[in-house]
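Chain by chain, the residues:
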Amino acid sequence: AQSVTQLGSHVSVSEGALVLLRCNYSSSVPPYLFWYVQYPNQGLQLLLKYTTGATLVKGINGFEAEFKKSETSFHLTKPSAHMSDAAEYFCAVIRMDSSYKLIFGSGTRLLVRP
Amino acid sequence: GAVVSQHPSRVICKSGTSVKIECRSLDFQATTMFWYRQFPKQSLMLMATSNEGSKATYEQGVEKDKFLINHASLTLSTLTVTSAHPEDSSFYICSALPGAGGRPYQETQYFGPGTRLLVL
């Protein structure tokens, strides 16, 4: 069965510091992986996705993620945090049963200190 | 592109009434839409999959008679919470999968802004 684990329900960084949000997945087949961001009282916005090809994926707002098969990881990074990055971040894997359903991690709340 | 809207954005209703929430894909066709429920400070819980022109499929534990889903066109799905009670109060989010004729064009779901339901 596929699953997603996000380590750390809360991550706090200083403005300008590196952002690292961790995501590990479990899948018996090559996964399609996503990172979404949710601002308060809003829906989810796609940050980036990995399907095939280049394992380093660049997304919006300066975020990127690297697919590492050997570590079953898809960590999200940003070199320099901005106050506007404060939000909830969800890692997800798509179910490979033709349903296109997403399996979400529990989410990580990013706090950015001035 | 790939914009999904939801209406209303928030609704307050009395216990026992029914509430309809609309989910529209504004600039693409969506053969499949998904309905999620989100509790405070929690992840999204998939409630059901809505396929254009066919019956919705519900996740285990979700009452299909309580949460009626209709996907009458390639750009509109509706969720009706029937005989709402305070425990139905939640944040409901839809997503849309671009495609037509029962075939998605791609694997990425695009999410609506959500609907906050409060049942008094």
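Basis of the calculations
Residues numbered from 1 in each chain as written. Chains lettered and ligands numbered in written order. Predicted model: local features only at pLDDT ≥ 70, side-chain atom pairs only at ≥ 80, totals over all residues. Heavy atoms only, no water. Helix = DSSP H or I, 4+ residues; strand = E, 2+ residues; numbered from the N terminus. Rg over C-alpha atoms; globule rule 2.2 N^0.38 Å. Buried < 20%, exposed > 50% of the residue type's maximum accessible area, 1.4 Å probe, protein only. Contact = heavy atoms within 4.5 Å. Areas by Shrake-Rupley, 256 points an atom, 1.4 Å probe, with all protein chains shown as cover. Pairing = 2+ DSSP bridges. Axes fitted to C-alpha atoms, helices over the stretch in contact; angles between N-to-C directions. Salt bridge = Lys/Arg side-chain N within 4 Å of Asp/Glu carboxyl O. Buried area = accessible area lost by both parts, 1.4 Å probe. Polar contact = N/O pair within 3.5 Å; in protein donor to acceptor, adjacent residues only side chain to side chain. Disulfide = S-S within 2.5 Å.

K.L.:
Give a detailed account of the overall build of chain A, specifying residues and quantitative values.
P.N.:
Looking only at helices and strands, chain A features zero helices and 12 strands. From first element to last, N terminus to C terminus, chain A shows the α and β order β-β-β-β-β-β-β-β-β-β-β-β. For chain A, whose C-alpha radius of gyration is 14 Å, the value lies close to the compact-globule estimate of 13 Å for 114 residues. Dimensions of chain A, computed from the C-alpha atoms along their principal axes, are close to 45 × 30 × 20 Å. Expressed as a percentage of the 114 residues in chain A, the buried residues total 43%. A separation threshold of at least 6 residues defines the contact pool for chain A, and within that pool the share at least 24 residues apart is 55%. Accessible surface, chain A: about 5400 Å² in total, of which carbon and sulfur atoms supply 53%.

K.L.:
Tell me what's going on with the sheet that holds strand β8 (residues 76-81) of chain B, and back it up with residues and numbers.
P.N.:
Residues and elements named next belong to chain B. Judged by pairing direction, the sheet is antiparallel, and its four strands sit side by side in the order β1-β3-β8-β7 without closing on themselves. In this open sheet, the two edge strands, each paired with only one partner strand, are β1 (4-7) and β7 (67-73). Recorded for the sheet is a direction-independent mean angle of 15° between the axes of neighbouring strands. The pairing of β7 with β8 spans five bridges and is antiparallel. Pairing of I69 across the sheet is with L79, part of β8.

K.L.:
I'd like a description of the pattern of salt bridges, backed by residues and values.
P.N.:
This model, assessed by the stated rule, comprises seven salt bridges over all chains. Measuring nitrogen to oxygen at the nearest pair gives 2.9 Å for the salt bridge that ties K49(A) to E107(B). Highlighted residues: K49(A) in strand β6 (residues 44-50) and E107(B) in the loop between β10 (103-104) and β11 (110-111), drawn from two different chains. On the basis of relative accessibility, which here comes to 29%, the residue K49(A) falls in the partly exposed class. Residue classification places E107(B) among the buried residues on the basis of a relative accessible area of 15%. Between E22(B) and R24(B) there is a salt bridge, with the nearest N and O atoms lying 3.4 Å from each other.

K.L.:
So what's going on with the interface of chain A and chain B? Which residues, and what values?
P.N.:
With 20 residues of chain A at the contact, the number on the chain B side is 21 residues. Contact with chain B buries area across many residues of chain A, yet L44(A), Y100(A) and K101(A) alone supply 32% of it, more than any other trio. The interface formed by chain A and chain B holds two salt bridges in total. Our count for the contact surface shared by chain A and chain B stands at nine residue pairs in polar contact (both at pLDDT 80 or more).

K.L.:
A description of the state of the cysteines should follow, citing residues and the corresponding values.
P.N.:
Applying the stated criterion to the full structure yields two disulfides over all chains. Note on cysteine connectivity: C23(A) is disulfide-linked to C91(A), with sulfurs 1.9 Å apart. One quick way to see it: the torsion about the S-S bond of C23(A) and C91(A) is about -65°, and its sign makes the bridge left-handed. Here C23(A) is found in the loop between β3 (19-21) and β4 (24-26), whereas its partner C91(A) is found in strand β10 (residues 87-94), with 68 residues between them in sequence. Disulfide partner of C23(B): C94(B), at an S-S distance of 2.0 Å. Linking C23(B) and C94(B), the disulfide has an S-S dihedral of approximately 80° and is accordingly described as right-handed. Taken together, the residues span a long stretch of sequence, with C23(B) in strand β3 (residues 19-25) and C94(B) in strand β9 (residues 90-100) at a distance of 71 residues. Here C13(B) stays free of any disulfide, with the sulfur of C94(B) as its closest cysteine sulfur at 18 Å. According to the relative accessible area criterion, C13(B) is buried, its value standing at 10%.

K.L.:
Lay out the pairing of β10(A) with the relevant residues and their values.
P.N.:
Residues and elements named next belong to chain A. Most of β10 sits inside the fold, with eight of its eight residues counted as buried. In this structure, strand β5 (residues 33-38) lies alongside β10, joined through six bridges in antiparallel fashion. Bridging from a neighbouring strand, Q38 pairs with E88 of β10. Across three bridges, β10 lies against strand β11 (residues 102-104) in antiparallel orientation. Residue pairing for β11: I94 is matched across the bridge by L102.

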